Amino acid sequence: MKIVGLSGSKVGSKTRTAMNYTFKSMSEKYPEAELTLIDLAEFDVEFSDGRNYWEYEGDTKYVTETIMAADAIIIGTPVFQASIPGTLKNIFDLLPVNAFRDKVVSMLVTAGTPKHYLMVEQQLKPILAYMKAQIVQTYVFIEEKDFYRKEITNDDVLFRIERLVDDTAVLTDTYKRIREAKEAEYDF
């Protein structure tokens, strides 16, 4: 099972802190999983110009091909101006429309205020649905007050991250088995 984490911003530390915790938990609970954490702050990704993702080079090629090869993706994103960051939107623009078909996608969102929780429902989920993702419906929303000195201090948030890890792994395995059973029905 290939699971890719995508920390979708070039600035700030809270989303990366949450993603680090998530992937630490994932590696402990599911050591057989192949895990890759992509922090967009560490890559020089080009702006989408309409080419197919495999036509790009360098960091852009690596990021897009890694996402396309994944069985599951955990998207970590902050909320900027009541929306997703442009860096994350650019990743979606670089990928084909059906990029997330047969992939489980779960979400972890950091925000300065509880007023931004609807961004997931009104922006992120519709984009992922359009791209054909199997969306884990329960996402983790983390407010600024849940962090202290680059650590998550709210036990409820930590519990919800653990649940997100389990839901992502279980759904990925379940969808894989369903697809394999369906493909086995064909006689060729």
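Look up: the structure comes first, before these words.
Let us look at the structure shown here.

Estimates place the volume of the largest pocket at around 240 Å³. Looking at the largest pocket, it is lined by 18 residues, and the ones nearest its centre are Gly-12, Lys-14, Thr-15, Pro-78 and Thr-110. Contributing elements (two or more residues each) for the lining of the largest pocket: helix 1 (14-29) and strand 4 (104-111). In terms of residue count, helix 1 provides more of the lining of the largest pocket than any other element does, three residues in total. Split into classes, the residues belonging to the lining of the largest pocket amount to six nonpolar, seven polar and five charged.

What follows covers the pairing of strand 6 (residues 140-143). Neither face of strand 6 is open: one carries Val-140 and Ile-142, the other Phe-141 and Glu-143, and all of them are buried. With four bridges connecting them, strand 4 and strand 6 associate as parallel partners. Within the sheet, the bridge partner assigned to Val-109 lies in strand 6 and is Phe-141.

It is worth spelling out the pairing of strand 1 (residues 2-7) at this point. Burial analysis of strand 1 places five of its six residues in the buried class, the great majority of the element. Pairing of strand 1 with strand 2 (residues 34-39), which is carried by six bridges, proceeds in the parallel orientation. For Leu-6, the partnering residue across the bridge sits in strand 2 and is Ile-38. Taken together, strand 1, helix 1 and strand 2 constitute a β-α-β crossover, and its handedness is right-handed. Note that strand 1 and strand 3 (residues 72-78) share five bridges and pair parallel.

Quick look at the packing of aromatic side chains now. Evaluation of the coordinates by the stated rule reveals three aromatic pairs. Measuring from centroid to centroid gives 6.3 Å for Phe-92 and Phe-100, while their planes differ by 85 degrees, and the two rings are edge-to-face. A residue is classified by how much of its surface remains accessible, and Phe-100, at 2% relative accessible area, is buried. One cation-aromatic arrangement involves Arg-51 over Tyr-56; the distance from NZ or CZ to the ring centre is 4.0 Å. Sitting over the face of the ring of Tyr-130, Lys-132 holds its NZ or CZ atom 5.5 Å from the ring centroid.

Quick notes on the rules
- Residues numbered from 1 in each chain as written.
- Predicted model: local features only at pLDDT ≥ 70, side-chain atom pairs only at ≥ 80, totals over all residues.
- Heavy atoms only, no water.
- 1 Å grid on protein atoms, 1.4 Å probe; cavity = no way out; pocket = protein on both sides within 12 Å on 5 of 7 lines; lining within 4 Å.
- Points joined across faces, edges and corners; volume = space filled by probe spheres on them.
- Helix = DSSP H or I, 4+ residues; strand = E, 2+ residues; numbered from the N terminus.
- Nonpolar A, V, L, I, M, F, W, Y, C, P; charged D, E, K, R; others polar.
- Buried < 20%, exposed > 50% of the residue type's maximum accessible area, 1.4 Å probe, protein only.
- Pairing = 2+ DSSP bridges.
- Right-handed = clockwise from strand over helix to strand, strands pointing away.
- Phe/Tyr/Trp six-rings, centres within 6.5 Å; stacked < 30°, edge-to-face > 60°.
- Lys NZ or Arg CZ within 6 Å of the ring centre and 35° of its normal.

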